[in-house]
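Geometric and topological summary
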Amino acid sequence: MSEGTAQILSNLTREAEEAITSLERHVVTIRARVDTLAGELEQQRIRVQLRLEERLVEAAGQLSEEEVAELRALEDQVVSDLVRAQALSRQLAGFLQLLAVSRQQLSGAGTLPDLDAAKNLLVRQAMVRAQEEERRRLAREIHDGPAQVLANAILTVQYLARLAERSDLRGELLQQELARVESALREGLSETRQFMFALQPTTLQQHGLLRTIALYTETVRRHCPAELNVQLPESLPPLTPEQELAAFRVIQEALHNVQRHAHARHCWLRISVHPSEIVIEVIDDGQGFRPGAVVPTSSGGFGLQGMRERAELVGGQLEIQSEPGHGTTIRLRLPLATSGRASDMENERAEEARVTQQKERIA
């Protein structure tokens, strides 16, 4: 290669880098405008919801069907636009990272990432976003559960310490306060164990889905404000480990929503077996909601989308039926395996359980 050609290629490479940099700046500007629009749409959504609630109060719940339909249609349109804006912002963020990686690779190695490398980068970005969202959810769970219980217990201990400094401390009062501390710490320990079980249900590998659900629902009953009724079959057809985990996570999220949001008096968990599928249903008689009006945010809404994605990853289908004032039904349909892989995995798990039991007996 002649010196002149090498210089031309160097100049073209530099121009390519400058073009990518210019595109990055332009995309950053566009994303900022999208985020601004998303913020405005969020405020508009809140105003529409408040307007609907105000009109319902003013009319004592006797709004005409036409006016309710008009307000609902406006809310649906705002939510649809907001979801699109948020999705576009996430896509632009991923594209910006791809541009940054391309520019750095072109500057350092003189090459651009190929299509496969770009796809892998986008997959990693999606995984990172999912992990960060899960970390935020877990942080909220710890803050609202064990951390709050332990904080209250510490305050009680501090109160006892102040009482101990006074001469009028009675033994009966001390016993009462110590009993309160013990009760609070036991509650914190129970919630921590439930939290650990929810994070990693190890019983799935050893005892299967039905036993895991039975254990989990027993802990849920102690904290769920609704009366939980569980209807499980005596056995299940062989499922792959991925299907079992997806089923458990959907049940976990659905019951979590009942605990935190439904304000229900009763809840039902049902599993039925059919020739070509199993059907898992979580039903409550709570306040219900409008699925189309749920916006994924950092404080909620990703649960529904996460359940759908888990179902789709294992070839299942998730159905959500809900209306304000008429409760909610979450229905997961899982196709039964047609190959021997599921039965092979079932045999392997049974063998692992047998070995574990032998070890426990020896110990």
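Figured I'd write up the structure that's included with this text.

Cut-offs applied
Residues numbered from 1 in each chain as written. Predicted model: local features only at pLDDT ≥ 70, side-chain atom pairs only at ≥ 80, totals over all residues. Heavy atoms only, no water. Helix = DSSP H or I, 4+ residues; strand = E, 2+ residues; numbered from the N terminus. Buried < 20%, exposed > 50% of the residue type's maximum accessible area, 1.4 Å probe, protein only. Contact = heavy atoms within 4.5 Å. Patch = residues over 30% accessible without salt bridge, like charges linked within 9 Å, V, L, I, M, F, W, Y side chains within 5 Å. Areas by Shrake-Rupley, 256 points an atom, 1.4 Å probe, with all protein chains shown as cover. Salt bridge = Lys/Arg side-chain N within 4 Å of Asp/Glu carboxyl O. Pairing = 2+ DSSP bridges. Axes fitted to C-alpha atoms, helices over the stretch in contact; angles between N-to-C directions. Parallel < 35°, antiparallel > 145°, perpendicular 65-115°, else oblique. Left-handed = near helix turned anticlockwise from the far one by under 90°. Nonpolar A, V, L, I, M, F, W, Y, C, P; charged D, E, K, R; others polar.

1. A look at the overall build of the protein chain
Within the protein chain, the secondary structure is distributed over nine helices and five strands. Along the protein chain, helices (α) and strands (β) appear in the sequence α-α-α-α-α-α-β-α-β-β-α-β-β-α when read from the amino end. Buried positions account for 33% of the 363 residues belonging to the protein chain. A separation threshold of at least 6 residues defines the contact pool for the protein chain, and within that pool the share at least 24 residues apart is 69%.

2. Notes on a nonpolar patch on the surface
Nonpolar side chains collect at one region of the surface, where Ile8, Leu9 and Leu12 lie side by side and expose about 280 Å² of accessible area between them. Tracing the chain through its elements places isoleucine 8 in helix H1 (residues 3-58).

3. Observations concerning the sheet that holds strand E2 (residues 266-273)
Reading across from one edge, E1-E2-E3-E5-E4 is the order of the five strands in this open sheet, with mixed pairing throughout. The sheet terminates laterally at strand E1 (227-231) and strand E4 (317-322), the two strands that pair on one side only. Neighbouring strand axes in the sheet, compared pairwise and without regard to direction, differ in orientation by 10° on average. Across five bridges, E1 lies against E2 in parallel orientation. Across the sheet, glutamine 231 pairs through a bridge with arginine 270, a residue of E2.

4. Some remarks on the pairing of E4
Two faces, one strand: in a regular strand the side chains alternate between the faces of the sheet. Judged from the six bridges that link them, E4 and strand E5 (residues 328-335) form a sheet pairing that is antiparallel. Its bridge partner being in E5, serine 322 is matched across the sheet by threonine 328. Where E4 hands over to E5, the hairpin turn is made up of five residues, of which glycine 325 adopts a positive phi near 85°.

5. Here we look at the packing of H1 against helix H2 (residues 65-109)
Where H1 contacts H2, the axes come no closer than 8 Å and their chain directions differ by 160°. If you check the angle between H1 and H2, you find them roughly antiparallel. Of the two possible hands of crossing, H1 and H2 adopt the one that is left-handed. Split into classes, the residues belonging to the contact of H1 with H2 amount to 25 nonpolar, seven polar and 13 charged.

6. Re the environment of isoleucine 20
Mapping isoleucine 20 onto the fold places it in helix H1. Along the primary structure isoleucine 20 and leucine 99 are separated by 79 residues, whereas in three dimensions their C-alpha atoms are 6.6 Å apart. Leaving out residues up to four positions away in the same chain, isoleucine 20 has contacts with Leu99, Ser102, Arg103, Leu106 and Leu112.

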